[in-house]
Amino acid sequence: MTLDPASSAAQLDALILDVLRHRVGKDELAAKPHDWFNATVLALRDRIIDRWIATTRRTYETKGKRVYYLSLEFLIGRLLRDALANMGLTRDMEKALREHGLDLTVLEDLEPDAALGNGGLGRLAACFMESLATLDIPAYGYGIRYVNGMFRQRIVDGWQVERPETWLAHGNPWEFDRRESAYRVGFGGEVVETAEGVEWKPAEQIEASAVDTPVVGWRGARVNTLRLWTATALEPIKLDAFNAGDHFGALADEVRADALVRVLYPADSSPAGQELRLRQEYFFSSASIQDIVRRHVQFHGDVRTLPDQAAIQLNDTHPSVAVAELMRLLVDQHGLEFGEAWDVTRRTIAYTNHTLLPEALESWPLPLFERMLPRHMQIIYAINSRVLREARKAGMSDQQIAAISLIDENGERRVRMANLAFVGAHSVNGVAALHTELMKSTVFADLHALYPARINNKTNGVTPRRWLQQCNPGLTGVIRDAIGPAFLDDAEQLTALNALAGDAALGERIAEVKRANKVALARHLKDLTGVRLDPDALFDVQIKRIHEYKRQLLNLVETVALYDQIRSHPERDWVPRVKIFGGKAAPSYHNAKLIIKLANDIARRVNSDPSVGGLLKVVFVPNYNVSLAERIIPAADLSEQISTAGMEASGTGNMKFALNGALTIGTLDGANVEIKDRVGDDNIFIFGLTAEEVEQRRAEGYQPADIIAGSRELQQALSAIASGVFSPDDPDRYRDLIGGIHDHDWFLIAADFDSYAAAQRRVDAYWTDQAAWRRSAIHNIANVGWFSSDRTIGEYARDIWGVK
Ligand SMILES: *Cc1c(COP(=O)(O)O)cnc(C)c1O
């Protein structure tokens, strides 16, 4: 569809040439591919700007309520294909570029991935931005413009090596510098009483200035703004010092500001690292809240009506300090009474929880917090005394009150960011049904008892534009031929495919598309890793951050067991398998990095062993990111979602795979539970302990050694790894890693192993019945349209934000 009938390929072509000449500054005869890429983006951007201005004007005229999504991560990936498709200009652009002998897909590959996120939480923020624009909801995403973002992963000798991500090296044609939207953000100093009230005099100030990226919704419904903050020193160079010869000292302020916006998740194992992380959180929260309040007062006059015009969503606790910052602005700058300010704050802010892992629940050492944000510390104490009074009035015990307190008094005193977000919000949501129930019974049990109406569930979703239409045009075309185009605008219309699940011709066409995607992936992985893959093998994929709770190790141990079995029983009809792994490990996470090395050690040994006869191949794909996910997911047959039950809040990778026709092997964890309910028990491979059983096992004193002793396959696989079969150069490399399974096995690998291995053999058996497999694949595609982020955002809009 074309929005503007006049936007023909010829007009686009003229626009691109004009842009190439006058904005890129190149003669078309001399232009390099990068110049054409820039010209293409800038030409498209001109079209987007017209929609941007039109939709923003509409918001002003209708005084529409705005949604503000605060997130430390936006894992947006590449934008060109997405923006072209949503503007309905893909065909025209292809045609215009072809006139110059250029291939759009080649230009698309020149775009760097914006790696401003770590994993699911950041990708969720990106899907949400797209769905907000699609649903025509006025919204801003607020975050940090990291110059280097998340590291680029290289694999050297099988080990992860972190290199800086230089995604901005060639500039970024999508961005608009908004120097006029700049705010001062203070740190440290002291709080003084004045005649007018309280005043915070920061010791240091940094300027936050806005860099905007337009986000286009499907069919150009609306263009919203992703506003990322960059930092500069108020005085970029101290000329006196510089001229006196202290060249570095003269630039120290600028370096300090620059350090704030360099990397996502600086290691916080040192006090300096912790301080930088807290500085980042306050920096972006403060700039965002100042911008929101400024915009509100400018257009609506009275700061008291903020909750009617603005809904602020905190994506996890990273922006929790926004609660205290909004209170500070309302009380210290706008003169509201504390109680009134508290009411405005709570009606404006909502919070999404993403994890129950105790080590991931943020808290800051109180002395650090107080030194860096002395005024906010006072406000937090004041909030705390209100909340604890309420708790006492409600008859809560000392123990409950200690759990509710914003200050953790066990050992070194710490400020609890999750409790701050919880009490400062009118809505606290989990991201899958099971996770939300566990929130109520575990981390937030006492806060939930005090505020029983606050916790609600919003099961995550993914945008079907990027995760079906753009990443898998072949499948999209087949579906369209089968059921018509309605699913393009409403993913839940995919259910029309259920009636066709038994249609062998449709199954055949879908299988052909899958095979073509596998051929393309095999070619790409051959270039990346040198490993040759058979596209007729079963592609079994686990791509996600490397973490012990996600249990890549369970998958690897089972891979070793399978390798043993194939060699011991060469006479059996083994299903040829390709095991694909990918994911980054946090730089300071020792076991996760060791798991990457293990995957590579196993791959080297298995792939070069002629006795498996190509029945098993293992690949570790380096530098997993959005663009790789877009290539791998359409080519997957089996989706590994095997976390220890109760530990994965939702997962969104699981949704993307099912939408592209992969079958899931998984535990009853996170959104897997809801995926199973929708696709049906016959179309998914469920195994392992439930969340309840996991808790029970741990409580009654789980003995992994007994289980290992009772499972020959497991015992042999573990001892092969531990004794150095895969690491002859360093036989003890995995002794401690495997020792951990024998010893405590916190993630219950031993407890779930037999059940997992049995499920894998069920997968093999099912695969040999290709007709049944294809039917199940269709039922997966048909029934996961509900996991569209349009549905999720619709629920946030209705239940939390009160928009539309
Ligand atoms: C979807 C996605 C994730 C989240 O994957 P999970 O399996 O849910 O952990 C992480 N990284 C990228 C690049 C993604 O696209």
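Residues numbered from 1 in each chain as written. Predicted model: local features only at pLDDT ≥ 70, side-chain atom pairs only at ≥ 80, totals over all residues. Heavy atoms only, no water.

**Looking at the overall build of the protein**
Definition in use: Put simply, DSSP H or I for four residues or longer makes a helix, DSSP E for two residues or longer makes a strand, and each gets a number counted from the N terminus. Throughout, the radius of gyration refers to the C-alpha atoms, and the reference size of a globule is 2.2 Å times the residue count to the power 0.38. Any two residues whose heavy atoms approach within 4.5 Å are treated as being in contact. The protein chains shown are the only cover counted for residues, whose accessible areas, like all others here, come from Shrake-Rupley with a 1.4 Å probe. When charges are counted, Lys and Arg are positive and Asp and Glu negative, with His and the chain ends excluded. Where a charge lies is defined by one atom per residue type, namely NZ (Lys), CZ (Arg), CG (Asp) and CD (Glu).
When helices and strands are tallied, the protein shows 34 helices and 24 strands. For 804 residues, the compact-globule estimate of 2.2 N^0.38 gives 28 Å, and the protein sits close to it at 27 Å. Oriented by its inertia axes, the alpha-carbon framework of the protein measures out at about 90 × 70 × 60 Å. The long-range share in the protein, meaning contacts at least 24 apart out of those at least 6 apart in sequence, stands at 76%. For the protein, the accessible surface area stands at approximately 30700 Å², while carbon and sulfur atoms represent 50% of it. The protein carries 92 positive and 108 negative side-chain charges, and their two centres are separated by 3 Å.

**Remarks on helix α23 (residues 552-568)**
Which entries qualify depends on this criterion: By definition here, a helix of n residues has an expected span of 1.5 Å times n minus one. A 1.4 Å probe rolled over the protein chains alone gives each residue an accessible area, and that area as a share of the maximum for its type sets the label: buried under 20%, exposed over 50%, partly exposed in between.
With 17 residues, α23 extends 24 Å between its outermost C-alpha atoms, agreeing within 8% with the 24 Å of an ideal straight helix rising 1.5 Å per residue. α23 sits mainly inside the fold: 14 of its 17 residues count as buried.

**Things to note about the pairing of strand β6 (residues 159-163)**
We count it as follows: Should DSSP find at least two bridges between two strands, the strands are taken to pair.
The pairing of strand β5 (residues 152-156) with β6 spans 5 bridges and is classified as antiparallel. In the sheet register, V156 faces β6, and the bridge partner there is W159. Counting the residues that bridge the hairpin from β5 to β6 gives 2 residues, and of these D157 lies at a positive phi of roughly 60°.

**Section: helix α3 (residues 80-87)**
Taken across its 8 residues, α3 has 7 buried, putting it largely inside the fold. Among the residues making up α3, those that are buried are L80, D82, A83, L84, A85, N86 and M87. On its buried face, α3 is in contact with α2 (33-62), α4 (90-98), α5 (104-108), α6 (120-134), β10 (204-216) and α20 (464-470). Phi turns positive, to about 70°, at G88, one or two residues after α3.

**What to know about the sheet that holds strand β23 (residues 663-666)**
What counts, and what does not: All axes here are fitted lines through C-alpha atoms, helices being fitted over the stretch that makes contact, and every angle between N-to-C directions spans 0 to 180 degrees.
Taken together, the 6 strands give an open sheet; going across it, the order is β21-β20-β19-β22-β23-β24, and neighbouring strands pair in parallel fashion. Every other strand in the sheet has two partners, leaving β21 (616-621) and β24 (685-686) as the edge strands with one partner each. Across 2 bridges, β23 lies against β24 in parallel orientation. Within β24, the position partnered with I665 by the bridge is F685. Contacts from helix α32 (residues 749-767) reach β19 (538-543), β20 (577-582), β22 (638-641), β23 and β24, with the element oriented near 125° to β20.

**Some thoughts on the site of the ligand**
Note the following rule: The criterion for a residue being near a molecule or strand is simple. One of its heavy atoms has to lie within 4 Å of it. Here a polar contact means two N or O atoms within 3.5 Å. Within protein one must be a hydrogen donor candidate and the other an acceptor candidate, and residues neighboring in sequence count only if both atoms are side-chain atoms.
Contacts to the ligand come from 15 residues, most closely from K544, K550, T652, G653 and K656. K550 places a polar side-chain atom, nitrogen or oxygen, 2.8 Å from an oxygen atom of the ligand. A distance of 2.9 Å separates an oxygen atom of the ligand from a polar backbone atom of G653. Protein chains shield 96% of the accessible area of the ligand, which is 390 Å² for the free molecule.

**Here we look at the confidence of the model for the protein**
Cut-off, in case you're wondering: The predictor attaches a confidence to each residue, called pLDDT, with possible values from 0 through 100.
Confidence in the prediction of the protein, expressed as mean pLDDT, is 96, and 99% of residues score 70 or more. Within the protein, the element-level pLDDT minimum falls on strand β3 (residues 114-116), averaging 90, and the maximum on β22, averaging 99.

**Thoughts on empty space enclosed by the protein**
We apply this condition: Using protein atoms alone on a 1 Å grid, points that fit a 1.4 Å probe yet trap it form a cavity, whereas open point sets bounded by protein on both sides within 12 Å along at least five of seven lines form a pocket; residues with an atom within 4 Å of a point count as lining. Grid points are joined across faces, edges and corners, and a volume is the space filled by probe spheres set on the points. Residue type decides the class: Asp, Glu, Lys and Arg count as charged, Ala, Val, Leu, Ile, Met, Phe, Trp, Tyr, Cys and Pro as nonpolar, and the leftover types, Gly among them, as polar.
Inspection of the entire model under this criterion finds 7 cavities of 30 Å³ or more. In this structure, the largest cavity encloses a volume near 180 Å³. Lining the largest cavity are 17 residues, and of these I76, L79, D82, V215 and R466 lie nearest its centre. Counting residues per element, the ones that place at least two in the lining of the largest cavity are α3, α6 and β10. For the lining of the largest cavity, the residue count by class is 11 nonpolar, 2 polar and 4 charged. Each pocket or cavity is described by its volume, and for the second largest cavity that value is around 110 Å³. Lining of the second largest cavity is provided by R78, L80, R81, D82, E108, E111, R466, Q470, S627 and E630. Ranked by residues supplied to the lining of the second largest cavity, first place goes to α3 with 3 residues. Looking at side-chain class alone, the lining of the second largest cavity contains 1 nonpolar, 2 polar and 7 charged residues.

**Comments concerning unusual backbone geometry**
Glycine aside, a negative phi is what most residues show, and trans is what most peptide bonds show. Although it is not a glycine, K63 sits at a positive phi angle of roughly 50°. Among the structural elements, K63 can be located in the loop between α2 and β1 (66-70). Positive phi, close to 70°, is recorded for D316, a residue that is not glycine. Here D316 lies in the loop between β12 (310-315) and α12 (321-333).

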